[in-house]
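Spelled out from the first residue to the last, the chains are:
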Amino acid sequence: MDTATDAGTAGALRFPPDFGWGAATSAYQIEGAAKEDGRGESVWDTFSRTPGRTRNGDTGDVAADHYHRYAEDLDLMRDLGLRSYRFSVSWPRIQADGTGPANQRGLDFYRRLVDGLHERDIAPMVTLFHWDLPQALQDAGGWESRDVAHRFADYADLVFGALGDQVPVWLTVNEPKTVVQNGYLTGHHAPGRQDPDAAYLVAHHLQLAHGLAVQALRAGGGSGRIGPAFNLHPCYPADSSPEAAEATRLYDGYENRLYLDPVFTGRYPEDVLADLGPDSRMVRGVRDGDLEIIASPIDLLAVQYYTPIYVTADGGTARRWPTSQADWQQIHPDGMYDILTRVTREYGPVPLTVTENGLPTPDTLGADGTVDDAGRIAFLRDHLTAAHRAVNAGVPLESFHVWSLLDNFEWNEGYDQRWGLVYVDYPTQRRIPKSSAHWYRRVIADNGF
Ligand code: FCB
């Protein structure tokens, strides 16, 4: 008997009726079928096939082979009792080179997936961009090019046209900050650049892309709701000095307000703009009218929470809590409460969904055919408890998605980190629900624990 069952019998925690219990994935991380049905190449194909870029040289060529096994995966979701499934559409499946008419075979795949979800009573939540930019658009400047934001709106329009009647929630851009920081500052994600001046121009164009997609949905008369998906990091001073407090403020600007403020208030944060300087490419790249586009009213905000950040007096960071296998992740469930309540307090009562939360654990397939991931159960229980506290404090949280449904290609970490509720035995592609999946099924059935 596990501790979750103990908590369940105590009956302590119940979520609001109709709470959207879910799990999340993204196209490049699970689909495989990299060369099928007219799919073009993305920056992640290029990046992962470049020697030295990913652990063990892993690529998403096969991944969890979801493109071929989606029907089995849909049944797994049904067996879990999921009410919501968040996945992303691969842009290069829809437009191989990022422009022009839609590739019908690509759209058909997502139509089958969406239909299969409805047949199982699971609500689709569709992310339009989860980092797999068509390589041809990268060759034309990538997100440094303003035009790519317009190409994104065209692509979004094609997807709205094909799936719009069946998708209740759209997410525009997944974690623009990660593209900025990992893709253009540290360079350990595609496209692998280290260019701060480019990075923040990229941030602006990703935000513009978001706003243009919102406008495209409205213009097309789509009935679905739409919003961005931000990974928010609560920032805390590492000590009680005034210097640490001040450094934390600016750090928070770059981690959170740079993304939240323009969407909700139509303004970039002054302290960040001042820090970037008037000659930065970003500040020079903001044109009249851009902020109105970015601030197009949204229907909901998707929050992804993984870790807090502790900021030192000199603007560096410190570690305060134990980390998971992902060295960037400190385990601090209260951060979930802090970030959710802060968004509601500072930006108003927009409906929130948690679209990612989870951790990697060193899972192995036991001789008895089970996978025991007690660490994941503890993590999710603690973070859901914090989310529930936020609901009690008035946060309009409507759903929660575990990252991830399946073990998958964790970007530069390849397949070494396992983030799934369901174990994937890559040599055979067999799926084995982990103990956390069994636990989550009971949580969903009981609407709490
Ligand atoms: C998030 C990404 C997601 C996954 C998790 C672990 O930043 O959106 O694709 O890699 O981290």
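Details of the structure are given in the entry above.
Here's what I pulled together on the structure shown here. (Residues numbered from 1 in each chain as written. Predicted model: local features only at pLDDT ≥ 70, side-chain atom pairs only at ≥ 80, totals over all residues. Heavy atoms only, no water.)

1. So, helix α10 (residues 196-219)
In an α-helix there are 3.6 residues to a turn, and that puts residues three or four apart on one side.
Link 1 in the chain: With 24 residues, α10 should cover 34 Å at 1.5 Å per step; its first-to-last C-alpha distance of 35 Å lies within 8% of that length.
Link 2 in the chain: Most of α10 sits out of view: 19 of its 24 residues are buried. (Helix = DSSP H or I, 4+ residues; strand = E, 2+ residues; numbered from the N terminus. Expected span 1.5 Å × (residues − 1). Buried < 20%, exposed > 50% of the residue type's maximum accessible area, 1.4 Å probe, protein only.)

2. Some points on the sheet that holds strand β11 (residues 397-403)
Link 1 in the chain: Strands sit in the order β1-β2-β3-β4-β5-β7-β10-β11 around a closed barrel of 8 strands; the barrel is parallel. The mean angle between the axes of side-by-side strands here comes to 25°, regardless of whether they run parallel or antiparallel.
Link 2 in the chain: Across the sheet, helix α17 (residues 435-446) touches β1 (20-24) and β11, and the angle it forms with β1 is around 155°. (Pairing = 2+ DSSP bridges. Axes fitted to C-alpha atoms, helices over the stretch in contact; angles between N-to-C directions. Contact = heavy atoms within 4.5 Å.)

3. Focus on the environment of W439
Link 1 in the chain: Take W439: it is sitting in helix α17.
Link 2 in the chain: Given a relative accessible area of 1%, W439 falls into the buried group.
Link 3 in the chain: Separated by 187 residues in sequence, W439 and D252 have C-alpha atoms that sit 35 Å apart.

4. Considering the site of the ligand
Link 1 in the chain: Close to the ligand lie Q29, H130, W131, N174, E175, Q304, Y306, E356, W403, E410, W411 and W419.
Link 2 in the chain: Notes on the ligand: free accessible area 290 Å², of which the protein chains cover 95%.
Link 3 in the chain: Placement of the ligand is best described as lying within the largest pocket.
Link 4 in the chain: For the shell around the ligand, the class distribution of residues is 5 nonpolar, 4 polar and 3 charged. (Near = heavy atom within 4 Å. Areas by Shrake-Rupley, 256 points an atom, 1.4 Å probe, with all protein chains shown as cover. 1 Å grid on protein atoms, 1.4 Å probe; cavity = no way out; pocket = protein on both sides within 12 Å on 5 of 7 lines; lining within 4 Å. Sits in = over half its atoms within 2 Å of the grid points. Nonpolar A, V, L, I, M, F, W, Y, C, P; charged D, E, K, R; others polar.)

5. Focus: the layout of surface pockets
Link 1 in the chain: The space that makes up the largest pocket amounts to roughly 940 Å³.
Link 2 in the chain: Q181, N182, H233, T307 and W328 are, among the 37 residues lining the largest pocket, the residues nearest its centre.
Link 3 in the chain: Every element with two or more residues in the lining of the largest pocket is listed here: α9 (176-184), α11 (242-265), β8 (309-311) and β9 (317-318).
Link 4 in the chain: In terms of residue count, α9 provides more of the lining of the largest pocket than any other element does, 4 residues in total.
Link 5 in the chain: Looking at the lining of the largest pocket residue by residue, the class counts come to 14 nonpolar, 15 polar and 8 charged. (Points joined across faces, edges and corners; volume = space filled by probe spheres on them.)

6. Describing unusual backbone geometry
Link 1 in the chain: Geometrically, the link from A190 to P191 is a cis peptide bond, its omega value of 5° lying close to zero.
Link 2 in the chain: Looking at the secondary structure, you find P191 in the loop between α9 and α10.
Link 3 in the chain: Not every positive phi belongs to a glycine, and D65 is a case in point at roughly 55°.
Link 4 in the chain: Relative accessible area serves as the criterion here: at 12%, D65 is assigned to the buried category.

7. Points about empty space enclosed by the protein
Link 1 in the chain: With the rule as written, the count across this model stands at 2 cavities of 30 Å³ or more.
Link 2 in the chain: Space inside the largest cavity adds up to approximately 50 Å³.
Link 3 in the chain: Lining the largest cavity are V43, F129, W131, L133, Q138, W143, V179, A190 and P191.
Link 4 in the chain: Of the residues in the lining of the largest cavity, the class split is 8 nonpolar, 1 polar and no charged.
Link 5 in the chain: When its volume is computed, the second largest cavity comes out at roughly 40 Å³.
Link 6 in the chain: Here the lining of the second largest cavity is composed, by residue class, of 2 nonpolar, 3 polar and 4 charged.

8. Remarks on the pairing of β1
Link 1 in the chain: The element β1 is extensively covered by neighbouring structure, given that 5 of its 5 residues are classed as buried.
Link 2 in the chain: Examined bridge by bridge, β1 and β11 share 5 bridges and lie parallel to one another. If you follow G22 over to β11, its bridge partner there is H401.
Link 3 in the chain: As paired elements, β1 and strand β2 (residues 84-88) share 3 bridges and run parallel to each other. What sits directly across from G22, in β2, is S84.

9. A short note on the pattern of salt bridges
Link 1 in the chain: Following the criterion strictly, the structure yields 34 salt bridges and no others.
Link 2 in the chain: Between R120 and D75 there is a salt bridge whose closest N-O contact spans 2.9 Å. Linking R120 in the loop between α6 (104-119) and β3 (123-129) with D75 in helix α4 (residues 66-80), this pair joins segments that are 45 residues apart in sequence.
Link 3 in the chain: Overall, the relative accessible area of 19% leaves R120 in the buried class.
Link 4 in the chain: Judged by relative accessible area, which is 26%, D75 ranks as partly exposed.
Link 5 in the chain: D165 is paired through a salt bridge with R111; the nearest N and O atoms lie 3.2 Å apart. With a gap of 54 residues between them, D165 in the loop between α8 (146-163) and β4 (169-174) and R111 in helix α6 connect regions that are remote in the sequence.
Link 6 in the chain: The class for D165 is exposed, based on a relative accessible area of 56%.
Link 7 in the chain: Put simply, D363, D373, R376, D407, R418 and K434 are held in one network by salt bridges that share partners. (Salt bridge = Lys/Arg side-chain N within 4 Å of Asp/Glu carboxyl O.)

10. Some words on the pairing of β3
Link 1 in the chain: Of all 7 residues that make up β3, 6 are buried, and the element is covered over most of its length.
Link 2 in the chain: Bridge analysis of β2 against β3 gives 5 bridges, and the strand direction is parallel. Bridging from a neighbouring strand, S84 pairs with A123 of β3.
Link 3 in the chain: Across 4 bridges, the pairing between β3 and β4 is parallel. By the bridge assignment, F129 is partnered in β4 with V173.

11. Examining the nonpolar core
Link 1 in the chain: Counting 124 residues, the largest nonpolar core has F129, W143, F152, W170, L340 and Y440 as its most contacted members.
Link 2 in the chain: Among the elements that take part in this core, α10 stands out by supplying 13 residues, more than any other.
Link 3 in the chain: Residues within four places of Y440 in sequence aside, it is in contact with W21, G22, L82, F400, V402 and L421.
Link 4 in the chain: Counting 6 residues, the second-largest nonpolar core is a separate cluster that includes M125, V169, L300 and A302. (Core = buried A, V, L, I, M, F, W, Y, C linked by side-chain atoms within 4.5 Å.)

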